[in-house]
Amino acid sequence: MKKKIVWIAPLMALMALALPTKAQKVFSMEEAVTWGNGKLYPTTLSGTGWVPGSSTFYYRAKDNSGEDCMVFRDADRGHIDTLFLDELNDALVRYNGMHRPTAPPIDSFKSMPGILNWQDDREMRIRHKKIVFLYDYTKNALMPEHGLSGEEDNLEFHAQSGHIAYTQGQNVFIKPYGKAPVQISFDSVDGILNGTAVHRNEFGIHKGLFWSEDGEKLAWYRMDESMVTRYPIYDIDGMPAKADFIRYPFAGATSHQVKLWVYDLKHDKKVEIQTEGPAEQYLTNIAFGPKGDFVYIAIVNRDQNHLWLNKYKTENGEFVQTMFEEKHDKYVEPESPMHWISKNEFIWESERDGYNHLYLYDKHGILKGQLSKGNWVVTEFLGADPKGKEVYFMSTVNSALDRSLCRVNIKSGEMTVLTKNAGYHRCEGNDSKRYWIDLYSAFNVPGMAEVLDSRTGKSILLKKTEDPLKEYELGEIRQFTLTSEDGKTPLQCRMILPTHFDSTKKYPVVVYVYGGPHLQLITNTYLYGSNLWMQYMAQHGYIVFSLDNRGSANRGLEFENAVFRQLGTAEIADQLKGVEWLKQQGYVDQNRMAVHGWSFGGFMTTSLMTRTPGTFRVGVAGGPVIDWAMYEVMYTERYMDRPEENPEGYKKANLLEHIPNLNGKLLLIHGTSDDVVLWQHTLLYLRECVKKEVLIDYFVYPEHPHNVRGKDRVHLMRKITEYLEENLED
């Protein structure tokens, strides 16, 4: 690797969110929707990480000629090494000559590949085409590890051993390092899947393959969906159109059944973990113990009000013990597996005191203490120092809008906030947890990249992001707090004023809403989390307003579960507090107010148009849930219970019941291949509107899933914008 200093562009001053004095540009719709094909999006460091067992970090950059390179920098000594793309391609030329002398050479790298993981402190694992390579950056040498066919899905790499697990079709395969692939599951019945995420990706589940720490065992989910309703998604390219079927578990209906299996590579043996209880319970947050001899499952009952953290032997699948239980009269929702910080202690995340915090347990399941406390939430656990004396995490301790890096001493309980600047931080520590890459932004900070020394508190500036919007006219953004209808709960708000704002004039308003669980619209990120389409609207004379109502994320359990058994009620009440405030502002035209949202925001938009008729002149609802009885089991039953247990709640939230109340213009939009909120929702709504002689507008995006992505998104936002403009005219 050549010892060269990579060229870094001159740093620019940070942007303040006031109207720029020289900015003249306005956004085209294409620029607003795509952020100028990414050119207007604030850039920060990418491809960041730490070399194992060291104080050396790395990130992607550009060399003097504009080619990709990888910068390596030591946080202790401060020197910089640079891996240039031509060096990597030189290594590939040597590989082609040695390993493929008579075969067509593998094409050169066009850009710097991402690092999959590290074998040790000098060999990184990268992927090029269908080959996984080990690259020794001290010798500039490539060595092939795995030739992949390209048909593998859900790849899961184990760093130290070099093993790869993956799925192909319905089954799980392992390719041990240096050996041929081994198939370890053998299902062929329609409706059975191995090695994929289960439970509709709820409970923090995002994968179905799990390596033990030593790489000698692999756990995987086996999901049987054969008893779940088959639902058609239509492919319209052929004549006649063809129905492709998915399995969709409706609220109150039969759900899929999940088991966990473990394969022992050393002994070529697999066992089924002997989970007991109803077939439709949820197996969540899989974790191996430090030695791989036990596997732990957070089991949640279908009612989602009772959790058991269970321990099982990986040798034979036998149940060992329940480490502890958690109950709640509304719901429990584990979203993170146990975090082992030593061979004898682990951390568990729980909202049991009303906020997501960290709890220390010994290996037998005995609670040793609560490590974090307060009316704020831990948003991400980031590990412990090698001696297990201190743990690190991200939290909202400074503000519900911020994310701050924190450290707590396990013995004393003393907590330190390590990030000094207000904003939304994303942090990654080296193995010792002394040094941290800190990437953050704030409402008036497009981006900052620093390396933080957690011992001294000192930091090294790596990059201050140039303001990509400095030549554009922006509407002033105001962030403030209102109080919910209960008179005590603060609600975060964001308002974008029109460019060239004149408080003596009156302006139309677009309320952009989401309002559902697991999402927070307003954060202390660049532009307070707003997007360029909102600025496009501001440039065209609109106020754009958003409010995070009760039920949305990162404000604690009471704030989140205020919607329990009555989706749409507390949320509407809080949104109306925002409307009430808007109407008190002299510059708001009360007769020209619109509401727009997608998914849960589409449900909220349609609810506001029909459950509070006359509040808004126009609404645009994308992919809306119309009837919660038609939505999936895991999400719906957590917040609404089963339909037979809460008939009044389901009836009140069912938007088919409120159609006659519509007083304004309403546009519904849906993708015909939506497998999240099924197309049937809005088709039924449309049919009922016809029956009740209620006029609405309707638009579909053929073969688009739950949202409209790619080049068609420009079309979508143009459609939405024109509809708002046409119906908000004086």
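Remember, it's a predicted structure, so these values are computed and weren't measured experimentally.

J.: So what's going on with the sheet that holds strand S32 (residues 424–429)? Which residues, and what values?
T.: On the basis of which strands lie adjacent, the open sheet formed by 4 strands has the order S32-S33-S34-S35 and antiparallel pairing. The open sheet terminates on both sides in strands that have one partner only, identified here as S32 and strand S35 (459–464). For this sheet, the mean angle separating the axes of adjacent strands, direction not counted, is 20 degrees. By the bridge criterion, 5 bridges tie strand S34 (residues 445–453) to S35 in an arrangement that is antiparallel. Each residue of the ladder has a partner; that of Met448, found in S35, is Lys464.

J.: Just give me the short version of the pattern of salt bridges, but keep the residues and values in it.
T.: Per the stated rule, a full pass over the model turns up 35 salt bridges. The shortest N-O distance in the salt bridge between Arg407 and Glu390 comes to 3.8 Å. Placement of the pair is Arg407 in strand S30 (residues 404–409) and Glu390 in strand S29 (residues 390–395), with a sequence separation of 17 residues. Glu390 sits in the partly exposed class, given a relative accessible area of 22%. Beyond isolated ion pairs, a larger network of salt bridges with shared partners links Glu485, Asp486, Arg550 and Asp574.

J.: Tell me about unusual backbone geometry, and please be specific about residues and values.
T.: Of the consecutive residues Met239 and Pro240, the connecting peptide bond is found in the cis state with omega at 5 degrees. Residue position: Pro240 is located in the loop between strand S16 (230–235) and strand S17 (242–247). Not every positive phi belongs to a glycine, and Lys129 is a case in point at roughly 60 degrees. You can see Lys129 is positioned in the loop between strand S6 (123–128) and strand S7 (131–136). At Asp641, a residue that is not glycine, the phi angle is positive and equals roughly 60 degrees. Structurally, the position occupied by Asp641 is in the loop between helix H7 (633–640) and helix H8 (647–653). Its relative accessible area of 15% is what places Asp641 among the buried residues.

J.: Break down the pairing of S6 for me, citing the residues and quoting the values.
T.: Side-chain positions along a regular strand alternate between the two faces of the sheet. Burial analysis of S6 places 5 of its 6 residues in the buried class, the great majority of the element. Two elements, strand S5 (residues 115–118) and S6, share 3 bridges in a ladder whose sense is antiparallel. For Asn117, the partnering residue across the bridge sits in S6 and is Arg125. Adjacent in sequence and paired antiparallel, S5 and S6 are bridged by 4 residues. Bridge count for S6 against S7 is 6 bridges, and the pairing is antiparallel. Each residue of the ladder has a partner; that of Met124, found in S7, is Tyr135.

J.: For the packing of aromatic side chains, give the residues involved together with the corresponding values.
T.: What the rule picks out here adds up to 40 aromatic pairs. An angle of 15 degrees between the planes, with centres 6.0 Å apart, marks the rings of Trp628 and Tyr635 as stacked. Under the relative-accessibility criterion, Tyr635 is labelled buried at 8%. Here the aromatic cluster, defined as three or more aromatic residues joined through ring pairs, consists of Tyr331, Tyr514, Phe564, Phe600, Phe603, Trp628, Tyr631, Tyr635 and Tyr639.

J.: Describe the sheet that holds strand S21 (residues 294–300), naming the residues involved and giving the relevant values.
T.: Strand order in this open sheet of 4 strands is S20-S21-S22-S23, and the pairing throughout is antiparallel. The sheet is open, and its two borders are formed by strand S20 (282–288) and strand S23 (319–327), each paired with just one other strand. When the angles between neighbouring strand axes are averaged without regard to direction, this sheet yields 20 degrees.

J.: Residue-level account of H7, with values.
T.: One turn of the α-helix equals 3.6 residues, which is why residues spaced by three or four share an orientation. The buried fraction of H7 amounts to 8 of the 8 residues, a majority that puts the element mostly inside the structure. What H7 keeps buried is the set Val633, Met634, Tyr635, Thr636, Glu637, Arg638, Tyr639 and Met640. Buried residues belonging to H7 abut S20, helix H6 (600–611) and H8. The N-cap of H7, judged by a side-chain oxygen 2.7 Å from the amide nitrogen of Met634 a few residues on, is Glu632.

J.: Describe in detail the confidence of the model for the chain, supporting the description with residues and values.
T.: Low-pLDDT stretches of the model should not have their predicted coordinates read in fine detail. Mean pLDDT over the chain stands at 94; residues scoring 70 or higher make up 97%. Low confidence marks residues 1–21, where pLDDT is under 50. Its contacts with residues over four positions away, or in another chain, come to 55 contacts.

J.: Account for the pairing of S17, with residues named and values stated.
T.: By the bridge criterion, 6 bridges tie S16 to S17 in an arrangement that is antiparallel. Residue pairing for S17: Tyr231 is matched across the bridge by Ile246. Between S16 and the antiparallel strand that follows it, S17, lie 6 residues.

J.: Tell me about the nonpolar core, and name the residues and values.
T.: If you look at the biggest cluster of nonpolar residues, it comprises 66 residues, and the most contacted ones within it are Met495, Phe545, Leu582, Trp628 and Tyr685. If one sorts the elements of this core by residue count, H6 sits on top with 5 residues. Setting aside its immediate chain neighbours within four residues, Trp628 contacts Ala251, Leu567, Phe600, Phe603, Tyr635, Thr636, Tyr650 and Ala653. Met534, Met537, Leu716 and Leu728 belong to the second-largest nonpolar core, a separate cluster that totals 38 residues.

J.: Provide a residue-level description of helix H2 (residues 85–99), including the pertinent values.
T.: Here H2 spans 21 Å end to end across 15 residues, near enough to the 21 Å set by a 1.5 Å rise per residue. The inward-facing, buried residues of H2 abut strand S3 (68–74), strand S4 (80–84), S6, S7 and strand S8 (141–147).

J.: Give me the environment of Gly516: which residues, what numbers.
T.: Examined against the element boundaries, Gly516 turns out to sit in the loop between strand S38 (507–512) and helix H3 (532–539). You can call Gly516 buried: its relative accessible area is 0%. Taking C-alpha positions, Gly516 is 5.7 Å from Phe600, a pair spaced 84 residues apart along the chain. Residues within four places of Gly516 in sequence aside, it is in contact with Gly551, Ser552 and Phe600.

The rules behind these values
- Residues numbered from 1 in each chain as written.
- Predicted model: local features only at pLDDT ≥ 70, side-chain atom pairs only at ≥ 80, totals over all residues.
- Heavy atoms only, no water.
- Pairing = 2+ DSSP bridges.
- Helix = DSSP H or I, 4+ residues; strand = E, 2+ residues; numbered from the N terminus.
- Axes fitted to C-alpha atoms, helices over the stretch in contact; angles between N-to-C directions.
- Salt bridge = Lys/Arg side-chain N within 4 Å of Asp/Glu carboxyl O.
- Buried < 20%, exposed > 50% of the residue type's maximum accessible area, 1.4 Å probe, protein only.
- Phe/Tyr/Trp six-rings, centres within 6.5 Å; stacked < 30°, edge-to-face > 60°.
- Contact = heavy atoms within 4.5 Å.
- Polar contact = N/O pair within 3.5 Å; in protein donor to acceptor, adjacent residues only side chain to side chain.
- pLDDT = per-residue confidence, 0-100.
- Core = buried A, V, L, I, M, F, W, Y, C linked by side-chain atoms within 4.5 Å.
- Expected span 1.5 Å × (residues − 1).

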